[in-house]
Amino acid sequence: MQTERCDILICGGGLAGLSLLYRAMKSGVWREENIIVVDQSEKKENDRTWSFWKSTQTDFDHLIYRQWKDLLFFCHDGERLALSSGNYTYNSIRSIDFYTHVITWLQQFPNISFVKATVEHIAAQGATSCILHTKTHVYTSAFLFNSLYEKPVLKKDDQYFLQHFKGIKIRVQLGMLQVKDAHLMDFRTGQQHGTTFFYTLPISADELFVEYTLFSKTLLPEKEYDTQIDEYLTNVLKITDYEILEEEFGVIPMTDYRFTRFNNHIVNIGTIGGDTRASTGYTFTNTQKTITKILAAYQSQGNPFFANETIGLKQHLYDVTLLNVLAKENYEGYQLFGDLFKNTRASVIFAFLDAETSVIQDLQIMKSLRILPFLREFTRAVYRTFMK
Ligand SMILES: Cc1cc2nc3c(=O)[nH]c(=O)nc-3n(C[C@H](O)[C@H](O)[C@H](O)COP(=O)(O)OP(=O)(O)OC[C@H]3O[C@@H](n4cnc5c(N)ncnc54)[C@H](O)[C@@H]3O)c2cc1C
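About the cut-offs
The residue numbers shown here count from 1 along each chain, following its written sequence. For a predicted model such as this one, the threshold for reporting local features is a pLDDT of at least 70, and the threshold for listing and counting side-chain atom pairs is 80 or more; totals across whole chains, interfaces and linings nevertheless cover every residue. A pair of strands is treated as paired once DSSP finds two or more bridges between them. The way it works is that DSSP assigns letters per residue, a run of H or I at least four long becomes a helix, a run of E at least two long becomes a strand, and they are numbered from the N terminus. Whenever a helix is involved, its axis is fitted only over the stretch in contact; in every case the axis is a line through C-alpha atoms, and angles between N-to-C directions fall within 0 to 180 degrees. We call a residue near a molecule or strand when its C-beta atom, built from the backbone, sits within 6 Å of it. Only Asp, Glu, Lys and Arg are considered charged in this grouping, and only Ala, Val, Leu, Ile, Met, Phe, Trp, Tyr, Cys and Pro are considered nonpolar; every other residue, Gly among them, is considered polar. Partly exposed residues are those falling between the two cut-offs: more than 12 but fewer than 20 other C-beta atoms within 10 Å of their own, whereas 20 or more means buried and 12 or fewer means exposed, with C-beta atoms placed from the backbone. Working definition: the arc comes from the directions between the helix axis and the C-beta atoms, pointing outward to the latter. In these notes the angle categories are as follows: under 35 degrees is roughly parallel, over 145 is roughly antiparallel, 65 to 115 is roughly perpendicular, and the rest is oblique. Should the near helix be turned anticlockwise from the far one by less than a right angle, the crossing is termed left-handed; should it be turned clockwise, right-handed. A residue pair is marked as a contact if its C-beta atoms, positioned from the backbone, fall within 7 Å. An automatic or database domain assignment provides the domain bounds reported here. Working definition: the nonpolar core is a set of buried Ala, Val, Leu, Ile, Met, Phe, Trp, Tyr and Cys residues, joined through C-beta atoms within 7 Å.

A. Focus on the sheet that holds strand E15 (residues 207-216). Here we have 7 strands laid out as an open sheet, ordered E6-E5-E13-E14-E15-E12-E16, and mixed in their pairing. Looking along the sheet, the strands with just one partner apiece sit at the ends: strand E6 (80-82) and strand E16 (243-255). Direction aside, neighbouring strands of the sheet carry axes that sit 15 degrees apart on average. Where strand E5 (residues 71-74) and E6 come together, 3 bridges link them in antiparallel fashion. If you follow phenylalanine 73 over to E6, its bridge partner there is leucine 81.

Here you go:
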């Protein structure tokens, strides 16, 4: 077994690990540190596309593949809402563009090594050191940034929804594509499996991305995703003649389990660090916000320990409330999201989901929903959080 010591271990070089390292090197927060990135994949495939709304510049704007300004929401009964998204745009980054750009840029630094290996175990070694095992090597470091996800051991009342989805990029005959704007949520599909909607994103004059998405506790048989996509294309979008160019399948946990950020000198980032918003599954923006805090802390105090989480206690209580309302099924997801988008400007909803609203604004958003189920679950969430 070979042993190697470094200053920083990046355990998992996906969205969170690579974003952290890229931004640390770009901003000069890490210069001299010896850094090892361990990932079992070479990141040569477009294994996902990250979509997110934004109203300001990000460090990855140059990698944006498509951007939409005009957003639509379709209710289950077919009602069409043109969303007032203010300064926000909706954006997609293809993971392959991200991996290729970031890894190529990082390879210029002699103090960074990329190791392709499966991590078998990580642990804090006392209060100030970390250890990572692969089959053949043991690495130790001063800090370890971990983004390997494993399902947590849930407590009795924890909710664990899955956001599962299949997306396809299709090409239709030029001139035949009627979809011009992005459908942020399109509920014109059956709700028998849980909260179910389509993301529908026009890519070009003859290319369209549609993603069949569900919030529920179990996955569907593989064929069901295809059947539902075909029905939506045929009956709702009236597209019958198309060629499939790409496919994507994914599962994102939506849970009110409280993930641990710090374990001595291990820092959990990305989904395992709690950066996936439990009520939406969106992770990209929260991960970047966490990285901003880590780098600010590192710059000012020489360690990554920051105090205030973006998804703080208030946001946690809202997420617990929403997941429990969805779990009780007396206020169906399609009705809830329909009420939300009918009665609140999308720009305010985006700010709310980014944890950038005041309590007064939050209450205005709540007012757009059926108050009773929310009040009941909010009270329970507060009780569970503070009394148990
Ligand atoms: C298909 C898909 C689409 C998504 N779309 C969106 C979206 O549109 N918007 C959004 O905000 N979020 C989206 N998400 C959620 C979230 O943004 C992504 O999952 C994101 O990649 C999470 O970042 P991460 O760094 O936590 O994990 P990852 O990006 O998955 O990185 C973890 C890394 O660890 C490596 N790894 C895992 N196990 C081991 C091991 N034992 N040894 C070594 N290496 C290991 C993996 O190869 C990977 O590179 C999507 C998720 C999926 C699955």
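B. Unusual backbone geometry, seen in detail. The backbone of lysine 43 sits at a positive phi, close to 60 degrees, despite the residue not being glycine. Tracing the backbone shows lysine 43 in the loop between strand E2 (35-39) and strand E3 (49-54). One non-glycine residue with positive phi stands out, namely asparagine 264, at about 50 degrees. When you line up the elements, asparagine 264 lands in the loop between strand E17 (262-263) and strand E18 (266-268).

C. Highlighting the site of the ligand. If you check the shell around the ligand, you find 27 residues, and the closest are Gly12, Gly14, Ala16, Gly250 and Gly270. Listed by contribution, the elements that provide at least two residues to the shell around the ligand are helix H1 (15-27), E2, E3 and E16. For the shell around the ligand, the element with the most residues is E3, which contributes 4 residues. A per-class count over the shell around the ligand returns 10 nonpolar, 14 polar and 3 charged.

D. View of helix H6 (residues 333-343). By the burial criterion, the buried members of H6 are Gly333, Phe337, Gly338 and Phe341. Projected down its long axis, H6 carries its buried residues within an arc of 125 degrees, all on one side. What points out from H6, more than 90 degrees from its buried face, is the exposed set Lys342 and Asn343.

E. Seen up close, the packing of H1 against helix H2 (residues 95-106). At their nearest, the axes of H1 and H2 sit 10 Å apart, and the two run at 45 degrees to each other. With respect to each other, H1 and H2 are oriented oblique. In this structure, H1 meets H2 at a crossing whose hand is left-handed. Counting all contacts with H1, which are made through Leu18, Leu21, Tyr22 and Met25, the residues of H2 involved are Tyr99, Val102, Trp105 and Leu106.

F. How the structure looks around the domain arrangement of the chain. Taken as a whole, the chain is organised into domain 1 (2-67 + 87-153 + 258-301), domain 2 (160-254) and domain 3 (313-387). Here the C-alpha centroids of domain 2 and domain 3 sit 26 Å apart. Contacts between domain 2 and domain 3 engage 7 residues on the former and 7 residues on the latter. Here the side of domain 2 that touches domain 3 is composed, by residue class, of 5 nonpolar, 2 polar and no charged.

G. Inspection of the nonpolar core at higher detail. In this structure, Leu9, Ile10, Leu20 and Ile35 are the most contacted members of the largest nonpolar core, which totals 77 residues. Broken down by element, this core gets its largest block of residues, 7 residues, from H1. If sequence neighbours within four positions are ignored, isoleucine 35 has contacts with Cys6, Asp7, Ile8, Ile10, Leu21, Trp30, Asn111 and Ile112. Of all hydrophobic cores here, the second largest spans 13 residues; its members include Leu214, Ala278, Tyr318 and Ala381.

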